Amino acid sequence: MKSRFDSVFKLCIVFPACRNHSPFPRTVLPTCLSFVHTTYSTVCLTQEESVVEDIFDQPKTSAEVLEKWGCSDADISKLFRRRPTLRNADLNQLQFKLNLLSGLGITAPELLKMINCRPRLLSVRIDHCFDERHEFFMKLFGSRELLVKAIVRNPSLLIYDFHNKVKPTIALYEGMGLSREELVPMLISRPTLIPRTTFNDEKMEYIRKTGLSNESRMYKYVVTLIGISRLETISEKVANFEKFGFSEDEIFGLLGRSPIVFTLSVDKVQRNMTFVLGQMKLPATVILEHPFFLYMNLESALKPRVCLAGKIEDMDLDEQIKGPRLLTALRMTEKRFVKAFVNCHPKDVADELMEYYTKAKGVKRLAEASKKKLYEGFPY
């Protein structure tokens, strides 16, 4: 009996019991030798299930990462169309950068605008000096809303060289008398302020010629405009005004009163000035008091309204557009202008005037459709 027991025991060692079946029928083995499979894992069943679920929930494509972050299918399609390489982006890096943007308060619609402006934004390092940059900009802008607005307007704020470009530029403008409250709207309205700003003795002399003090309301506009403009561009625009008889003092005085005139192209200034002098028979000095003549669109506003004034004069109607009233009429909105000088007449006269005015607005610049558009880079 003992020898039989020993042989069965040896066989059990040679053929260990597996989980689902024994090497021998259960009837062959004594109860005391039945082997039961046990595990010694410290993880309970519910924990194992949750881990498995988490693994299956992990995004497997860039589209899934963006969708989980809050982008709609339409947003994802636009992002991929603008930056196709996002399809093959590293998922961990993409998720990391999206989390950084979320911390700033940026949402999916704002991300779409940022990628449309800077397609490579999610392909470069935006985490460099991120915390220090975030703290600096929060102190500068004063609120998260303004910071987000500025970043959406110019996403490169996240990637400019923080220590060698951002901080020195802000310090430079503060040293010239601009407060942080004045700098904020300038940073939002002029996205190129940080990368393009340069100052030298010649630019400082231009600022001095405007006669503005740092207490002036226009000072921040003049300083930032000259700061981001090339010296060649400033000289070219000054020379363009001098062709019409303006002195240098008059030109920089005009810049101090209406800085936006230096953002206009040389071609636009020439064409509007030619019309004011040649067709309207006004002196060039009228621009010094009424610079809106240069801002108006020649084909769709300035020329049609002047032509309508001539038509009303030819028809000898009561509502004449002459003298100071012409200046007022030119500055009106389209709806107000039509109401004041067209619809005020009897219906038959009003219809005739409206037809004439519409045709005048439809006259396009000669050979405009075939004109070659030359892009010379930054306009000023």
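Structure report, in brief.

**A few points about the overall build of the protein chain**
Thinking step 1. The helix and strand inventory of the protein chain stands at 22 helices and 0 strands.
Thinking step 2. When burial is assessed residue by residue, the protein chain has 37% of its 380 residues classed as buried.
Thinking step 3. Counting contacts in the protein chain only where the partners sit at least 6 residues apart, residues at least 24 apart contribute 70% of the total.
Thinking step 4. Of the accessible surface of the protein chain, which amounts to about 22,900 Å², a share of 55% is contributed by carbon and sulfur atoms.

**Describing the packing of aromatic side chains**
Thinking step 1. Inspection of every chain in the model, using the stated rule, returns 11 aromatic pairs.
Thinking step 2. Here the aromatic rings of Phe136 and Phe162 are separated by 5.5 Å at their centres, their planes lie at 80°, and the arrangement is edge-to-face. Taken as a pair, Phe136 in helix H7 (residues 130-141) and Phe162 in helix H9 (residues 162-175) lie far apart in primary sequence, 26 residues in all. Accessibility classification places Phe136 together with Phe162 in one group, the buried group.
Thinking step 3. Ring geometry for Phe292 against Phe293: centres 4.7 Å apart, planes inclined by 20°, an arrangement best described as stacked. The residues Phe292 and Phe293 share a single accessibility class, namely buried.
Thinking step 4. Within the aromatic cluster, the residues linked to one another by ring pairs are Tyr206, Phe241, Phe246, Phe252 and Phe262.
Thinking step 5. Here the guanidinium or amino end of Arg305 rests over the ring plane of Phe337, the centre of that ring lying 4.5 Å away.
Thinking step 6. Across the ring face of Tyr356, the terminal group of Lys311 is positioned such that the distance to the ring centre comes to 5.4 Å.

**A look at the nonpolar core**
Thinking step 1. In terms of nonpolar packing, the biggest core is built from 103 residues, with Leu101 and Leu111 touching the most fellow members.
Thinking step 2. In terms of residues, this core owes the most to one element, helix H19 (residues 298-314), which gives 7 residues.
Thinking step 3. Excluding residues within four positions of it along the chain, Leu111 makes contact with Leu66, Trp69, Cys71, Leu79, Leu98, Leu101, Ile106 and Leu122.

**Points about unusual backbone geometry**
Thinking step 1. Look at Cys129: it is not a glycine, yet its phi comes out positive at around 55°.
Thinking step 2. Within the element layout of this structure, Cys129 appears in the loop between helix H6 (108-117) and H7.
Thinking step 3. Despite not being glycine, Asp316 has its phi angle at roughly 55°, a positive value.
Thinking step 4. In this fold, Asp316 is placed in the loop between H19 and helix H20 (324-331).

**Description of the pattern of salt bridges**
Thinking step 1. Going through the model one piece at a time under the given rule, you end up with 12 salt bridges.
Thinking step 2. Across the pair Lys139 and Glu135 runs a salt bridge whose closest N-O atoms are separated by 3.7 Å. Taken as a pair, Lys139 and Glu135 lie in helix H7 at a separation of 4 residues, close to a single helical turn.
Thinking step 3. One connected set of salt bridges, linked through shared partners, spans Arg305, Glu334 and Lys361.

**Concerning H7**
Thinking step 1. Over its 12 residues, H7 runs 16 Å from end to end, which matches the ideal 16 Å to within 8%, given 1.5 Å per residue.
Thinking step 2. Phe130, Arg133, Phe136, Phe137, Leu140 and Phe141 are the residues of H7 that are buried. Down the axis of H7, the smallest arc covering the buried residues is 130°, so these residues share one side. Along H7, the residues that are exposed and aim more than 90 degrees away from the buried face are Asp131 and Lys139.
Thinking step 3. Packed against the buried residues of H7 are helix H5 (91-104), helix H8 (144-153), H9 and helix H10 (180-189).
Thinking step 4. Two residues or fewer past H7, Gly142 is found with a positive phi of approximately 85°.

**A closer look at the packing of helix H4 (residues 73-82) against H6**
Thinking step 1. Two elements in contact, H4 and H6, have axes separated by 10 Å at closest approach and are oriented at 15°. As judged from the angle between their axes, H4 and H6 are roughly parallel. Crossing angle aside, the handedness with which H4 passes H6 is left-handed. In this structure, H4 contributes Asp75, Lys78, Leu79 and Arg82 to the contact, and H6 contributes Ala108, Leu111, Leu112, Ile115 and Asn116.
Thinking step 2. By residue class, the composition of the contact of H4 with H6 is 5 nonpolar, 1 polar and 3 charged.

**Describing the environment of Ala108**
Thinking step 1. Considering the arrangement of structural elements, one finds Ala108 in helix H6.
Thinking step 2. Along the primary structure Ala108 and Ile76 are separated by 32 residues, whereas in three dimensions their C-alpha atoms are 9.4 Å apart.
Thinking step 3. What Ala108 contacts, discounting residues up to four positions off in sequence, is Trp69, Gly70, Cys71 and Asp75.

**Details of the side chain of Asn272**
Thinking step 1. Note that Asn272 resides in helix H16 (residues 266-278).
Thinking step 2. For Asn272, the side chain forms a polar contact with the main-chain oxygen of Phe293, separated by 2.8 Å.
Thinking step 3. In terms of polar contacts, Asn272 uses its side chain to reach the backbone carbonyl oxygen of Leu294, at 3.3 Å.
Thinking step 4. In this structure Asn272 touches Phe293, Leu294, Tyr295, Met296, Leu298 and Leu302, once residues within four positions along its chain are discounted.

**As for the environment of Thr198**
Thinking step 1. Tracing the backbone through its elements, the reader meets Thr198 in the loop between helix H11 (193-196) and helix H12 (201-209).
Thinking step 2. Residue class for Thr198 comes out partly exposed when judged on its relative accessible area of 46%.
Thinking step 3. Here Thr198 is in contact with Lys203 and Gly227, once residues within four sequence places are set aside.

**Side note on H5**
Thinking step 1. If you check H5, its first and last C-alpha atoms are 20 Å apart, about what 14 residues at 1.5 Å a residue would give, namely 20 Å.
Thinking step 2. Next to the buried residues of H5 lie helix H3 (62-69), H6, H7 and H8.
Thinking step 3. Capping of H5 at its N-terminal end is provided by Asp90; its side-chain oxygen lies 3.1 Å from the backbone amide nitrogen of Asn92.
Thinking step 4. Where H5 ends, the next residue or the one after it, Gly105, has phi of about 100°, a positive value.

Rules used throughout
Residues numbered from 1 in each chain as written. Predicted model: local features only at pLDDT ≥ 70, side-chain atom pairs only at ≥ 80, totals over all residues. Heavy atoms only, no water. Helix = DSSP H or I, 4+ residues; strand = E, 2+ residues; numbered from the N terminus. Buried < 20%, exposed > 50% of the residue type's maximum accessible area, 1.4 Å probe, protein only. Contact = heavy atoms within 4.5 Å. Areas by Shrake-Rupley, 256 points an atom, 1.4 Å probe, with all protein chains shown as cover. Phe/Tyr/Trp six-rings, centres within 6.5 Å; stacked < 30°, edge-to-face > 60°. Lys NZ or Arg CZ within 6 Å of the ring centre and 35° of its normal. Core = buried A, V, L, I, M, F, W, Y, C linked by side-chain atoms within 4.5 Å. Salt bridge = Lys/Arg side-chain N within 4 Å of Asp/Glu carboxyl O. Expected span 1.5 Å × (residues − 1). Arc of directions from axis to C-beta. Axes fitted to C-alpha atoms, helices over the stretch in contact; angles between N-to-C directions. Parallel < 35°, antiparallel > 145°, perpendicular 65-115°, else oblique. Left-handed = near helix turned anticlockwise from the far one by under 90°. Nonpolar A, V, L, I, M, F, W, Y, C, P; charged D, E, K, R; others polar. Polar contact = N/O pair within 3.5 Å; in protein donor to acceptor, adjacent residues only side chain to side chain.

Nothing here speaks to function; it is all geometry.
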